[in-house]
Amino acid sequence: MKRTLNVETIKYLKKGVKVCGWVQRKRSHGKIIFIDLRDRGGILQIIFTPKDKKLYQLAQKLKPEWVIEVTGIINRRPKGMENPKIETGKIELQPKDLKTLSQAKTLPFSVETPGYEISEKIRLKYRYLDLRRKRLRKNLEIRQKVIHFMRDFLIREGFIEVETPILTKSTPEGARDFLVPSRLQPGKFYALPQSPQQYKQMLQVAGIEKYFQIARALRDEDPRADRQAEHTQLDIEMAFTKQKDVLDLIEKLYLNLVKRLFPKKKITKIPFPRVTCKEAMRKYKTDKPDLRKDKKNPNELAFCFITDFPMFKWHEIEKEWGAMHHPFTKPQTDDLKKIKKEPEKVLAWQYDFSLNGYEIGGGSLRTTNPKILLAVFEVLGHKKQEVKKQFPHYFEAFSYGVPPHGGIATGIDRFLAVVLNEPNIREVIAFPKTGDNRDLMMGVPAEVNAKQLKESHIKILTKKKKKR
Ligand code: ASP
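In short, a report on the structure.

What counts as what
Residues numbered from 1 in each chain as written. Predicted model: local features only at pLDDT ≥ 70, side-chain atom pairs only at ≥ 80, totals over all residues. Heavy atoms only, no water. Helix = DSSP H or I, 4+ residues; strand = E, 2+ residues; numbered from the N terminus. Buried < 20%, exposed > 50% of the residue type's maximum accessible area, 1.4 Å probe, protein only. Contact = heavy atoms within 4.5 Å. Areas by Shrake-Rupley, 256 points an atom, 1.4 Å probe, with all protein chains shown as cover. Near = heavy atom within 4 Å. Polar contact = N/O pair within 3.5 Å; in protein donor to acceptor, adjacent residues only side chain to side chain. Nonpolar A, V, L, I, M, F, W, Y, C, P; charged D, E, K, R; others polar. Salt bridge = Lys/Arg side-chain N within 4 Å of Asp/Glu carboxyl O. Patch = residues over 30% accessible without salt bridge, like charges linked within 9 Å, V, L, I, M, F, W, Y side chains within 5 Å. Lys, Arg positive; Asp, Glu negative; His and termini not counted. Charge placed at Lys NZ, Arg CZ, Asp CG, Glu CD. Phe/Tyr/Trp six-rings, centres within 6.5 Å; stacked < 30°, edge-to-face > 60°. Lys NZ or Arg CZ within 6 Å of the ring centre and 35° of its normal. Core = buried A, V, L, I, M, F, W, Y, C linked by side-chain atoms within 4.5 Å.

## Here we look at the overall build of the chain
A tally of regular secondary structure across the chain gives 13 helices and 19 strands. The dimensions of the chain, computed from C-alpha atoms along their principal axes, are 95 × 60 × 40 Å. Going through the 468 residues of the chain one by one, you find that 47% of them count as buried. Of all intrachain contacts in the chain linking residues separated by at least 6 positions in sequence, the fraction that spans at least 24 positions is 65%. For the chain, the exposed area adds up to about 26,200 Å²; of that, 54% sits on carbon and sulfur atoms.

Listed below in C-alpha cells is the structure:
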C-alpha cells in the first residue's frame, strides 16, 4: 500500500490507509492509548485499544519521536472528541498494523512549542531537531514561496537567472573576504564572493541585459548578533536603465509579493516614499527611517527608498576615504576634478531600500567610463596600476561596448524576519551560524589534517586557544 500524508487521510473515511511519521505525543486515557502522529503535513490521531493485544503491546512501548509506520482504517471520531484546531480533527486512525522504523532517544528539548524559550546554542547544535517544530517548518515554507514568487515575477518581466561562481576574486563590498587556498596554484587564493557584483556587470557587457540570481553573499564580518557570514540576496542587474527603472521594478515586485503572500499586511504608503539621503538625515536622523504609522501594529509594512547618497565616506580611524556603497557606483558628476579634489561633495547614483527601519536592499547605477572608475579608485587610495591589475577585466571589458547599467540586491533573510515578525534572521534560515560565525551543528570552523594543510600549501603559525 502507498503511504498517505496525514492531512490527506480525511479523504479516506472508512477506507484503509498507510501513514508514516514521528510520534509527537502519547497519552493514555483509561485503557486507550492515543498517539499523535506527525508528518510533514500535519497531525493524525491513532487509537490503540486492548482488543488487539499484540498491537496494544507494541503501542505501549512507543515513545515520543519514534518513527513509525501504521496501516489501518480511517474512522470518524466519536461525538465530543473532535479537535477543531487540526485539519484531521474529525477523524482518527484505527490501526491494524504498526511497525517501528526507528527508535529515538529523549530529545534535548521539546519540539511542540515555538521554541523561543530554549537556549539558542542548544537549538543550533540540534538544528535538525529544532527544525521539527511547526513554526520553523512554516518559516521555511514561506521562504520558499517568497523565493518562488521572486523568480516567477522576474522571469515574467524578461529576466534571466544566471549562476555566478563561488570560487572567485575579491570584490570590495566593505567587508573582509573569506579566502580559499588553491592547491594547484601554490600560494594563490580564491575569495568567496561578497556579492556577484563583478560577474553581473560582466553579464551586461555580454548583452544579457536583464539578470537576476538568488545569490549567496559571503562576508567575513566582525561578530554582530544579527548578521550572518553568509546571507541570501535577490541580486539584479539591468542594462539601459535609469535609477527610476530599478526602483519601479522593486516596488512592483514587493507590492505584488505582499499582496499575494501576505494579504493581511497593510503597506503604509504606496507608492513607496523616495527620500534623498540628505532629507532623511534631516527629518529622521537616519538613512533607514521607520515610517510605520503605528509601530505596535505587527501587520504594518513601511517600505521606503533612500536615494542620492554621498559617493564617499571618511574613515576617521584609518584616515582614509571609503566608498559609501562600492567603487563601481556611478558618481553624479563627470567632473574628474571634483571627484579628486572635493570627494565629500560628490553624490552617487546610489539607493537603499528599507522596511520598518531595516535596510533590506541597496544598489546603484554603475560607472562605465574607465577614467571615472580610475578617479574613484584613486580617491579610495589605490594606485592606477594596482587597480588595473586587480580589475583588468573591467577596463578590458568596458572597451568592447558597454551598455549603461545598474542594479540592486535585496536581502531575503531580513525581509522574511520582518514580515514574519521574527526577532532575528536566524529564525528564517535553515542552518544559521552563531554571531561569531560558528555552525554548532557541524562544528565548524574546524581544524583540518596535516595532509590537507600541506596540499593547500598552508602553514599554521599561531593557534588560538579554543573558544567555547
Ligand atoms: N553588490 C551590492 C550588494 O551586494 C548590490 C548592488 O550594488 O547591486 O550590496
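Moving on from the coordinates now.
## A short note on the environment of Pro-404
Relative to the helices and strands, Pro-404 is located in the loop between α11 (392-397) and β19 (405-411). Taking the C-alpha atoms as reference points, Pro-404 and Tyr-394, ten residues apart in sequence, are found 14 Å from one another. Beyond its immediate stretch of four places on either side in the chain, Pro-404 contacts Met-238, Ala-239, Phe-240, Thr-241 and Thr-368.

## Considerations on unusual backbone geometry
Geometrically, the link from Ile-270 to Pro-271 is a cis peptide bond, its omega value of -10° lying close to zero. Mapped onto the elements, Pro-271 comes out in the loop between β11 (266-267) and β12 (274-276). Of the consecutive residues Val-444 and Pro-445, the connecting peptide bond is found in the cis state with omega at 5°. By secondary structure assignment, the location of Pro-445 is in the loop between α12 (412-419) and α13 (450-455).

## Comments concerning the site of the ligand
The local shell around the ligand holds 14 residues, among which Glu-173, Gln-197, Lys-200, His-325 and Arg-366 are the closest. Measuring from a nitrogen atom of the ligand, one finds a side-chain N or O atom of Gln-197 at 2.7 Å. Arg-366 is positioned such that a nitrogen or oxygen atom in its side chain is 2.7 Å from an oxygen atom of the ligand. Relative to its free-state accessible area of 270 Å², the ligand is covered by the protein chains to the extent of 93%. Among the elements that line the shell around the ligand, the one with the most residues is β19, at three residues. Split into classes, the residues belonging to the shell around the ligand amount to two nonpolar, eight polar and four charged.

## Section: the pattern of salt bridges
All told, the structure shown has 36 salt bridges when counted by the stated rule. For Lys-319, the salt bridge goes to Glu-316, with nearest N and O atoms at 2.5 Å. Shared partners join several salt bridges into a network, and the residues in it are Arg-123, Arg-127, Asp-130, Arg-133, Arg-135, Glu-422 and Glu-427.

## Section: a positive patch on the surface
Judged by side-chain charge, Lys-337, Lys-340, Lys-341, Lys-384 and Lys-388 come together as a positively charged surface patch. Of all the elements in the fold, those that place two or more residues in the positive patch are α8 (336-341) and α10 (384-390). It is α8 that contributes the most residues to the positive patch, three residues altogether. Structurally, the position occupied by Lys-341 is in helix α8. Classification of Lys-341 by relative accessible area gives exposed; the value is 65%.

## Brief notes about the packing of aromatic side chains
This structure, assessed with the given rule, holds 20 aromatic pairs. On the numbers, 4.4 Å between centres and 5° between planes, the contact of Phe-328 with Tyr-394 is stacked. A residue pair is termed long-range when its members are at least 10 positions apart, and Phe-328 in the loop between β16 (320-323) and α8 and Tyr-394 in helix α11 qualify at 66 residues. Tyr-394 matches Phe-328 in its accessibility class, with the two residues each being buried. Feature note: the residues Tyr-254, Phe-262, Phe-272, Phe-303, Phe-305, Phe-353 and Phe-415 constitute an aromatic cluster, connected by ring pairs. Above the face of the Tyr-116 ring, Arg-135 is positioned so that its terminal group lies 3.8 Å from the ring centre. Its end group placed over the ring of Phe-395, Lys-388 keeps NZ or CZ at 5.8 Å from the ring centre.

## Quick word on the nonpolar core
With 43 residues, the main nonpolar core has Leu-234, Ile-236, Tyr-254, Phe-262, Phe-303 and Phe-415 as its most contacted residues. Those elements that provide at least two residues to this core are α4 (134-156), β9 (210-218), β10 (230-239), α6 (243-261), β14 (303-307), β17 (350-355), β18 (358-365) and α12. Top element by residues in this core is α6. It accounts for eight residues. If we skip the residues at most four places from it in the chain, Tyr-254 touches Met-150, Phe-272, Phe-303, Phe-353, Ile-360, Thr-410 and Phe-415. The next biggest cluster of nonpolar side chains, apart from the first, holds 20 residues, and it includes Val-17, Leu-55, Tyr-56 and Leu-62.

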